[in-house]
Amino acid sequence: MSHPSNPRSRLTPAMRGVIDRIARAGHPPFHALTPEQARQAYAAGAGVLEMSPPAIARVQDLRIPTRDGAELPARLFAPSEADGLPVLLYFHGGGFTIGSVATHEPLCRALAHQAGCAVLSVDYRLAPEHKFPVAVNDAWDSLAWLRGRAGALGLDAGRIAVGGDSAGGTLAIVTALQARDAGWPLALQLLFYPGCAGHQDTPSHHTYAQGFILDEPTIRYFFGHYLRTPADRDDWRFAPLDGRDGHGEPKDLNGVAPVWMGLAECDPLVDEGLAFCDRLRLAGVPVDLDIYAGVVHNFVQFGRAIPEARTAHRHAANALKTAFGDD
């Protein structure tokens, strides 16, 4: 994308107002806090700009076992008690360091309500206590568990999608590629502004480095906690756009599940999202891309203040209904 000399001029008035109010509040940035303090601060503010979550027929807390004997908390949201609902396996954002099922509950409820599907949201383990690739393994173990338990939960194992926002979008992409390799068909990858690249050197990373919610010091803070060594940046499980597989080759994207991607125009991650869509299309993967003008990273959780958030919820829900054959 082209990036203006005055990038702030591209913001919508509502988005500019949100950013100004956040600045006036004077809260310390995440990168000035310990990870635990950052989690608490994010949790405290997560619902402030969210729409009131819709009432939903079924909310069930679950535990997902992992390969190393841990158990991941998860929460299932379903719009009805009917059997055979399709299901979205959802991974929250937060730079692999912050965020939770609780911070993303309003979004997951909205998707379940509007798409008429179940949403299973997973508390994968966070850095720095659990560094790369623990979150990747947790995401894959969650899909394997869901496939095996879907029937007992009243869900349709033949209609599973994966999704996530930001770092959770990265996990969804990697899980979908692993599912392709395992011969496990998925209906859709539902991706809000996913991280795709191993190195933050695109024009949008420079244009939107400061003052647009997700800033360069915070990205560096998150990845510094998550990655073990600089070499992890070149692993496709962290960087599906430009990372390499075990043979030193770019990860093949052929045959992976179709994609709906929603990007924010004024986001450091927008260029890498566009580049990943281009790679998917070159591989013959169906891609439905929506770019929301004048908004920033994390905007889908600002539904009370930002109309584009509500539009993105609707677009994402429609993509799920289409993928599940319920449109």
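All of these numbers come straight from a predicted model, not from anything done at the bench. (Residues numbered from 1 in each chain as written. Predicted model: local features only at pLDDT ≥ 70, side-chain atom pairs only at ≥ 80, totals over all residues. Heavy atoms only, no water.)

Asks: So what about the overall build of the protein chain? Which residues, and what values?
Replies: In terms of helices and strands, the protein chain carries 9 helices and 8 strands. What you see for the protein chain is a C-alpha radius of gyration of 18 Å, in line with the 20 Å of a compact globule of 327 residues. Viewed in the frame of its principal axes, the protein chain has a C-alpha envelope of about 50 × 50 × 35 Å. Here the protein chain holds 327 residues, and 57% of them are scored as buried. Pairs at least 24 residues apart make up 77% of the contacts formed inside the protein chain by residues separated by at least 6 positions. Entry remark: accessible area of the protein chain is about 12500 Å², with carbon and sulfur atoms responsible for 52%. (Helix = DSSP H or I, 4+ residues; strand = E, 2+ residues; numbered from the N terminus. Rg over C-alpha atoms; globule rule 2.2 N^0.38 Å. Buried < 20%, exposed > 50% of the residue type's maximum accessible area, 1.4 Å probe, protein only. Contact = heavy atoms within 4.5 Å. Areas by Shrake-Rupley, 256 points an atom, 1.4 Å probe, with all protein chains shown as cover.)

Asks: Just give me the short version of the pairing of strand β3 (residues 85-91), but keep the residues and values in it.
Replies: A large share of β3 lies buried, amounting to 7 of its 7 residues. Judged by which residues are buried, β3 turns out to be covered on both faces: Leu 85, Val 87, Leu 89 and Phe 91 on one side and Pro 86, Leu 88 and Tyr 90 on the other are all buried. Pairing geometry for β3 and strand β5 (residues 155-165), over 6 bridges, is parallel. Bridge pairing in β5 links Tyr 90 to Gly 163. For the crossover from β3 across helix α3 (residues 105-115) to strand β4 (residues 118-122), the handedness is right-handed. (Pairing = 2+ DSSP bridges. Right-handed = clockwise from strand over helix to strand, strands pointing away.)

Asks: Kindly report on the nonpolar core, identifying the contributing residues and their values.
Replies: One finds Leu 120, Leu 190, Phe 192 and Phe 299 to be the most contacted residues of the largest nonpolar core, which totals 113 residues. Residues in contact with Leu 190, not counting those within four places in the same chain, are Leu 88, Leu 111, Val 162, Gly 163, Gly 164, Trp 260, Ala 316, Ala 319 and Leu 320. (Core = buried A, V, L, I, M, F, W, Y, C linked by side-chain atoms within 4.5 Å.)

Asks: Give me the lowdown on the side chain of Glu 272, citing residues and values where you can.
Replies: As for its placement among the helices and strands, Glu 272 is situated in helix α8 (residues 270-282). The buried charged residue Glu 272 lacks any salt bridge, with Arg 233 as its nearest oppositely charged partner at 8.8 Å. If sequence neighbours within four positions are ignored, Glu 272 has contacts with Pro 194, Gly 195, Cys 196, Ala 197, His 205 and Leu 241. (Lys, Arg positive; Asp, Glu negative; His and termini not counted. Salt bridge = Lys/Arg side-chain N within 4 Å of Asp/Glu carboxyl O.)

Asks: Please set out the packing of helix α4 (residues 134-149) against helix α5 (residues 167-182) residue by residue, giving values where relevant.
Replies: Viewed as axis vectors pointing N to C, α4 and α5 meet at an angle of 55°, and their least axial separation amounts to 9 Å. Compared by their axis directions, α4 and α5 come out oblique. As for the relative orientation of α4 and α5, their crossing is right-handed in sense. When α4 is examined against α5, the residues Ala 135, Val 136, Ala 139, Trp 140 and Leu 143 are found in contact with a partner set consisting of Leu 171, Val 174, Thr 175, Gln 178, Ala 179 and Ala 182. Grouping the amino acids of the contact of α4 with α5 by side-chain chemistry returns 9 nonpolar, 2 polar and no charged. (Axes fitted to C-alpha atoms, helices over the stretch in contact; angles between N-to-C directions. Parallel < 35°, antiparallel > 145°, perpendicular 65-115°, else oblique. Left-handed = near helix turned anticlockwise from the far one by under 90°. Nonpolar A, V, L, I, M, F, W, Y, C, P; charged D, E, K, R; others polar.)

Asks: A description of the sheet that holds strand β2 (residues 71-78) should follow, citing residues and the corresponding values.
Replies: By definition, the strands of a sheet pair up through backbone hydrogen bonds, in either a parallel or an antiparallel sense. Across the sheet, 8 strands lie side by side as β1-β2-β4-β3-β5-β6-β7-β8; this open sheet has mixed pairing. Of all strands in the sheet, those bounded by a partner on one side alone are β1 (58-65) and β8 (287-296). In this sheet, adjacent strand axes meet at a mean angle of 20° when their direction is disregarded. Bridging between strand β6 (residues 189-192) and strand β7 (residues 259-266) involves 4 bridges; their strand directions are parallel. The partner of Leu 190 across the bridge, within β7, is Trp 260. Sheet strands in contact with α3 are β1, β2, β3, β4 and β6, and its direction is about 40° off that of β2. Lying over the sheet, α8 contacts β7 and β8, oriented at roughly 150° with respect to β7.

Asks: Mind laying out the packing of aromatic side chains, listing which residues take part and the relevant values?
Replies: Evaluated as defined, the whole model comprises 14 aromatic pairs. Arranged with centres 5.0 Å apart and planes meeting at 85°, the rings of Phe 223 and Phe 238 form a pair that is edge-to-face. With a gap of 15 residues between them, Phe 223 in helix α7 (residues 216-226) and Phe 238 in the loop between α7 and β7 connect regions that are remote in the sequence. Judged by its relative accessible area of 3%, Phe 238 falls in the buried class. Seen in terms of ring centroids, Tyr 226 and Phe 238 are 6.2 Å apart; in terms of plane orientation they differ by 45°. Their pairing is tilted. Pair noted here: Tyr 226 is in helix α7 and Phe 238 is in the loop between α7 and β7, with a separation of 12 residues, a long-range link. Assigned by exposure class, Tyr 226 and Phe 238 land together as buried. Of the aromatic side chains, those joined through ring pairs into one cluster are Phe 96, Phe 132, Phe 223, Tyr 226 and Phe 238. Sitting above the plane of the Trp 236 ring, Lys 251 keeps its charged end 4.3 Å from the centroid. (Phe/Tyr/Trp six-rings, centres within 6.5 Å; stacked < 30°, edge-to-face > 60°. Lys NZ or Arg CZ within 6 Å of the ring centre and 35° of its normal.)

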